[in-house]
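# Commentary on secondary and tertiary structure
Chain residues, written in single-letter form:
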Amino acid sequence: MTRSPRRSGPALRARSGRPPWPLVLPALAGVAFLVLPLLGLVVRAPWADMGGRVTEPEVLAALWLSLSTATVATALCLVLGVPLAWLLARTEFPGRRLVRALVTVPLVIPPVVGGVALLLVLGRNGLLGRYLDAWFGITIPFTSAAVVLAQVFVAMPFLVISVEGALRGADRRYEEAAATLGAGRVTVFTRVTLPMVLPGIGAGAILCWARALGEFGATITFAGNFPGTTQTMPLAVYMAMQRDPEAAIVLSLVLLLVSLAVLATLRERWVNTA
Amino acid sequence: MSVLSADLRLNRGDFALDVSLSVAAGEVLALLGPNGAGKSSALRALAGLLPLTGGHVRVDGRDHTRTPVERRPIGMVFQDYLLFQHMSALDNVAFGPRCQGESKADARARAAELLDHMDLADHARSRPRGLSGGQAQRVALARALAVRPRLLLLDEPMAALDVSTRLHVRGRLRHLLEEFDGAAVLVTHDPLDAMVLADRIAVVEGGRVVQEGAPAEVARRPRTPYVARLVGLNLFRGTADGTVVALDGGTVVRVHRAHRGPALVAFPPRAVALYRSRPDGSPRNLWELEVDGVERFGDQVRVHLTGPLDLAADISPAALAELGLVRGDSVWAGVKAAEAECYPG
């Protein structure tokens, strides 16, 4: 494949014509709809005292809590989700289709419902929570751990779906080649399969992290809204909106910029090298 | 005693495989056949990648019919080589020894030694993407040999190479295969690969071995129309009575060696002479046939003839011009009895 014909003779290329307006107009409207609100944030931000507001301890605490819980949640999703995706993609077991459907349920139910469900299972009087409390003295709801669990619940499907797709798309003959060289199934998985689907895992982890970072409904239901322990950035934005809209704008901008920065860095690292 | 003795039986819906193989130490057996004949299935069954429905696989007298892939004493070179893209050539070759429990240093030393032997020392650190087809093939071979297999399996090892490099790479592969002291089984659809690389050829058609023998034997005495086409011979089946063979279609062919009973007759297209009118002092075999088509064949022209028997004749472009043959023309075809090889059918 050479590029020279393209460069040497653009005049000779058949003209493909203008894109038709029934497609262009809605597309432009779509872009405007997505970009204008973000622009609004930038325009209305109190730039004069931005520095002071950003470094307020409450803001920093919420930011730190958000970043750390989203990261821990993503790690948990990887540990649980990658093997789950492998089972779904590479094995046959009774009820596999049902499990696959169930895994995607958190995508379609409102996060608040997810939070209620988590409370019912892990709450102090929940199905499992009561034993955790009685036997080990562990209470999960309204702690930072609850924030992480709420995020795992809503974000894991993104990772599982992404990794399962990558596994299904990977050339299985490489795994056969590894087997003929004496590799057992675990070695095949760690040394051959995993490196092959790494871009898919990376993309899934990014989606997963972004979803965890933005999580609101399940968090506020299951973990509450305590500054320092469970008040993540989205919760802080919502609270600020009630009393000081300018503070809400600042928090929103910070969240926006930090997540954009992280995603841009990771995309560079994971997605573009794929 | 043979290193490999296998009886491969496989049933999958409308496809059935029933192949018996035996390969001696240091011997290279080629499974030659058209696409879908079952030769790749046979190879995958030997590797354990495809479960058998019957039969057995024995290597060095030990039964491996139910041994899982990773514990079979095999090495396999795959069609597209399937080198692990995320590892260097060296780590690809060291992968097998590592899996067999060798230390990292030992595995790498063995890999380096093998790559060095295959003139790839300079490419040890290269990623597979940066290798040429021939180099990738040798890395794949080194990777397969690194596990010290007793049975080496090669699936279409030449198919991924472009035509310009084939000649050189084929000769080199032949040389490397000669050094291997176990049994080697090679799958190919290219008769030239089979002839050059193998000591013995088994022709597989429709899931069965239809002919087996030394390359020269297969090339000279094909037993099925497929093999005859591969090696470029006209082949006819009939019943011999002395030096006269009555073909199944009713025509008669005279041959120089006497036989009795079912027989096959083969002669090369270049042994066929064409005449516009019935020649005087005729050769022993003369048939009036019709031209079915004309095509270029190397520096010759191949004329396809039909009539009481179908055959191909190779003549020079000058002769074609002189004869002025076009499709549908009537022509006399002569073959000397001495050119017609006759053998039991």
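Residues numbered from 1 in each chain as written. Chains lettered and ligands numbered in written order. Predicted model: local features only at pLDDT ≥ 70, side-chain atom pairs only at ≥ 80, totals over all residues. Heavy atoms only, no water.

Chain B is annotated in an unreviewed UniProt entry as Molybdate transport system ATP-binding protein of Nocardiopsis flavescens.

The name an unreviewed UniProt entry assigns to chain A is Molybdenum transport system permease, from the organism Nocardiopsis flavescens. Comment text from UniProt for chain A, heading Function (unreviewed entry), reads "Part of the binding-protein-dependent transport system for molybdenum; probably responsible for the translocation of the substrate across the membrane." UniProt, in its Subcellular location (unreviewed entry) section for chain A, records the words "Cell membrane". (UniProt positions renumbered as here; feature names shortened; annotations may be inferred.)

## A closer look at the sheet that holds strand 14 (residues 285-297) of chain B
Residue and element names in this part refer to chain B. As summarised here, the arrangement of the five strands in space is 13-17-14-15-16, forming an open sheet in which the pairing is antiparallel. Pairing within the sheet leaves two strands with one partner each, and these edge strands are strand 13 (273-275) and strand 16 (311-315). Adjacent strand axes in the sheet meet at a mean angle of 45 degrees, parallel and antiparallel pairs treated alike. Two elements, strand 15 (residues 300-306) and strand 16, share five bridges in a ladder whose sense is antiparallel. Bridging from a neighbouring strand, V303 pairs with A313 of strand 16. (Pairing = 2+ DSSP bridges. Helix = DSSP H or I, 4+ residues; strand = E, 2+ residues; numbered from the N terminus. Axes fitted to C-alpha atoms, helices over the stretch in contact; angles between N-to-C directions.)

## Describing the sheet that holds strand 11 (residues 234-247) of chain B
Residue and element names in this part refer to chain B. Spatially, 11-12-18 is the arrangement adopted by the three strands of the open sheet, whose pairing is antiparallel. Edge positions in the open sheet fall to strand 11 and strand 18 (341-344), since each of these has one partner strand only. Taken pair by pair, the neighbouring strands of this sheet meet at an average axis angle of 40 degrees, ignoring direction. Relative to strand 12 (residues 252-267), strand 11 runs antiparallel, the two sharing twelve bridges. Note that in strand 12 the partner of F236 across the bridge is V265.

## Some details on the domain arrangement of chain B
How large an interface is tends to be reported as the accessible area lost when its parts come together. Residues and elements named next belong to chain B. When its domains are assigned, chain B resolves into domain 1 (2-229) and domain 2 (232-344). Here the C-alpha centre of domain 2 lies 39 Å away from the C-alpha centre of domain 1. Of the residues lining the interface, nine residues belong to domain 1; the matching set on domain 2 comes to eleven residues. For the pair domain 1 and domain 2, the summed buried area comes to about 800 Å², and 44% of that belongs to carbon and sulfur atoms. In terms of surface lost to domain 2, no three residues of domain 1 exceed R221, R223 and A228, which account for 63% of the buried area on that side. If you look at where domain 1 meets domain 2, you find two salt bridges. (Domains from an automatic or database assignment. Contact = heavy atoms within 4.5 Å. Buried area = accessible area lost by both parts, 1.4 Å probe. Salt bridge = Lys/Arg side-chain N within 4 Å of Asp/Glu carboxyl O.)

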